[in-house]
Structures are given as C-alpha cells and as structure tokens.
Amino acid sequence: MKRLILHPGTDKTGTTSIQMALKHNEDLLAEHGYHVLRTNRVRPDSGKHRLAWRRAEHESWAALAEEAAALADRDVQVIMSNEGLWMQPVDVFERLGKLFPAFEPLVVLYVREQADYIQSLALQRQKKSEKAFDFTDPDMLSNLLDRRRDHMEYDLACRRYEDALGEGCVSARLFARDHFTRNDLVLDFFDTIGFPDLDRVVLAIRFMALFSLAAGAVVLSGAVAASRYQRVREGALLRTLGATRPQLLRVLLAEYAVLGILASLTAIALSTLAGFI
C-alpha cells in the first residue's frame, strides 16, 4: 500500500513525543512498510521533517524531491511530521501531493479543545516571568484569544487539506487521554496510521522508560557517592561534639526522607502541570 501520511501537529498536542517515537521506532516501522522521511531532519534523535514551506526554490524541496523519486516505485507508506505544516496554505500541500502522485494521502490531525488550548498557553506563559499571564486580566485574555484565533479554526485547516489532497483525506483526532488508544498518544498515532504491531511499540516505550529510570539511578548513586567524604567529615565532627551512632543515623534518615518528599512533591506538581500543557 502506498500512502503519504502527513502529521501537521497543531499547537500543544504532543507533537514532539510522536516525532521522537517515529525516530526510535524507525526500524520497526520499516519492517512493516513505513518510511519516515530522512531528508531535512531537524536533529538526529527526532523524526521531525523541516522544509522551507513557502520557498519552492529552496534546496530542502530539491532534497525532498530526490527522496520522493527514490520511493516512487516502492510499496511504502511515507510519513512526514512537522508542527509548522498545519498552518500552511493550500499550495504547499498541493506541492507535496505532486511529489508523491501515486501515494494515497492521509492527514493525521490532533486538535485540542479550544478552551483547553487557551488554558495551556496561559499556563505556559505563567511559567515564564518575562511573559507572565494574569488570569484575572480580561484584556490580557482577550489579546491572547485574538492572537491565537486562527490557530483554533480547525475546520478551515481540514478544508485546506482536502482542497489540496482530496476529500476524506483527514483523520481528525481529539487530543484527550481518554480518546487515545490504550490512553497513550504515541500508540494512538501508530494505531491511526494502521500500524499492525502495537505491542512492540509498547515494549519499546517501556524500554525507554526503564532506561531513563536506570540512568536516573546511576546519576543518583553517583551524587551520593560524591558526597560521601563530606558525610564522613560531618559525622566525625558530630561524634566529636558528643553525638551517638543512633543519633547520626536518625539525622541521615531524616535528611534523605525530607529530600525524597521534596523531590516527590516537585515531580507531582510538574507532572500535573504537564497534563494541562
């Protein structure tokens, strides 16, 4: 099956997570006939594809045309992902379609409910002191809505895609955890494009999570080992002042308990905030 799968990630819909998953699972995708475009990659650890969208003469278009020609006779499903794609005019999508004339187009579009989208933007600005957002200021909220109104016209975007690539080419997905396949965005994307082996994707995601935990454990053990000399010195000083061994043990346990609680509270707060953003 020959398909051109476009992922024009809208704002605040986990596009980076999908792009990293495309890169990390590139070999697995290739086994099942999927090809993540290799030209104009933004960075080596991501499947994000970059183009000078409105400059047809730019070398990035020439590189893409060369890769498209190499894929013309292959029975593959080509994937392109870039959040800069979704606001482009019709002629950009027409140009992409012409590069892959024998490929059936599929646009996978994740959209965030508009009120949730505005809230996410406001929270993001609230985190940055230079762009602090005042939730009680109606003028500030109105200005944000005015600036981002065109980013929330999802129906117009879908019409642009269909005008350029054909009616019915858009698969619009609501960006909400309870709407995702197995409550996971990456799995939902792979399921939407028809990838047949989701269990192996789950395995890859779990491996990356375990790898991150293992790396964190190594860093933590290194930090503890680095502070060992200081702990020994502090212990010797406290023993000189009359502290007993059980007292020293209680001091250390209390210190690490407080650090653990603070780290847990910070992680909970950040993960909760990330859920809104």
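Please read these numbers as outputs of a predicted model, since none were measured by experiment.

Novice: When you look at the packing of aromatic side chains in this model, what are you seeing that I'm missing?
Specialist: Remark: the centre distance and the inter-plane angle together describe each pair of aromatic rings, the angle taken between the planes. Here the structure, examined in full by the defined rule, presents eight aromatic pairs. Taking the centre distance of 4.8 Å and the plane angle of 55° together, the rings of Phe 93 and Tyr 161 count as tilted. With Phe 93 in helix α4 (residues 90-99) and Tyr 161 in helix α7 (residues 154-165), this pair connects stretches of sequence that are 68 residues apart. For Tyr 161, a relative accessible area of 0% puts it in the buried group. Between the aromatic rings of Phe 175 and Phe 180, the centroid separation amounts to 5.6 Å while the plane-to-plane angle is 65°, which identifies the pairing as edge-to-face. Here Phe 175 and Phe 180 have matching classes, each one buried. Counting every residue linked through ring pairs, the aromatic cluster contains Tyr 34, Phe 189, Phe 190 and Phe 195. Across the ring face of Trp 61, the terminal group of Arg 95 is positioned such that the distance to the ring centre comes to 4.7 Å.

Novice: What's the story with the nonpolar core in this structure? I'm lost.
Specialist: Within the largest apolar cluster, 36 residues are counted, with the highest numbers of intra-cluster contacts made by Leu 6, Met 80, Phe 100 and Tyr 161. Elements that contribute at least two residues to this core include exactly β1 (3-7), α3 (59-71), β3 (77-81), α4, β4 (104-111), α5 (114-127) and α7. Ranked by residue count, the leading element in this core is α7, at six residues. Ignoring sequence-local partners within four residues, the contact set of Met 80 consists of Ile 5, Leu 6, His 7, Leu 37, His 49, Leu 51, Trp 53, Leu 64, Leu 85 and Leu 96.

Novice: Looking at this structure, how should I read α4?
Specialist: Of all the residues in α4, the buried ones are Val 92, Phe 93 and Leu 96. Relative to the axis of α4, the buried residues are bounded by an arc of 95° and lie together on one face.

Novice: Explain the sheet that holds β1 here, please?
Specialist: One key point about sheets: their strands pair by backbone hydrogen bonds, in either a parallel or an antiparallel sense. Spatial ordering of the open sheet is given by β2-β3-β1-β4-β5, a layout of five strands whose pairing is parallel. Since the sheet does not close on itself, it has two edges, and those belong to β2 (34-36) and β5 (170-174), each with one partner. Strand-to-strand twist in this sheet, taken as the mean axis angle between neighbours without regard to direction, amounts to 20°. Sheet topology note: the β2/β3 ladder contains three bridges and is parallel. Bridging across to β3, Tyr 34 finds its partner in Gln 77. Lying over the sheet, α7 contacts β1, β4 and β5, oriented at roughly 170° with respect to β4.

What counts and how
- Residues numbered from 1 in each chain as written.
- Predicted model: local features only at pLDDT ≥ 70, side-chain atom pairs only at ≥ 80, totals over all residues.
- Heavy atoms only, no water.
- Phe/Tyr/Trp six-rings, centres within 6.5 Å; stacked < 30°, edge-to-face > 60°.
- Helix = DSSP H or I, 4+ residues; strand = E, 2+ residues; numbered from the N terminus.
- Buried < 20%, exposed > 50% of the residue type's maximum accessible area, 1.4 Å probe, protein only.
- Lys NZ or Arg CZ within 6 Å of the ring centre and 35° of its normal.
- Core = buried A, V, L, I, M, F, W, Y, C linked by side-chain atoms within 4.5 Å.
- Contact = heavy atoms within 4.5 Å.
- Arc of directions from axis to C-beta.
- Pairing = 2+ DSSP bridges.
- Axes fitted to C-alpha atoms, helices over the stretch in contact; angles between N-to-C directions.

The analysis is restricted to geometry; functional conclusions fall outside its scope.
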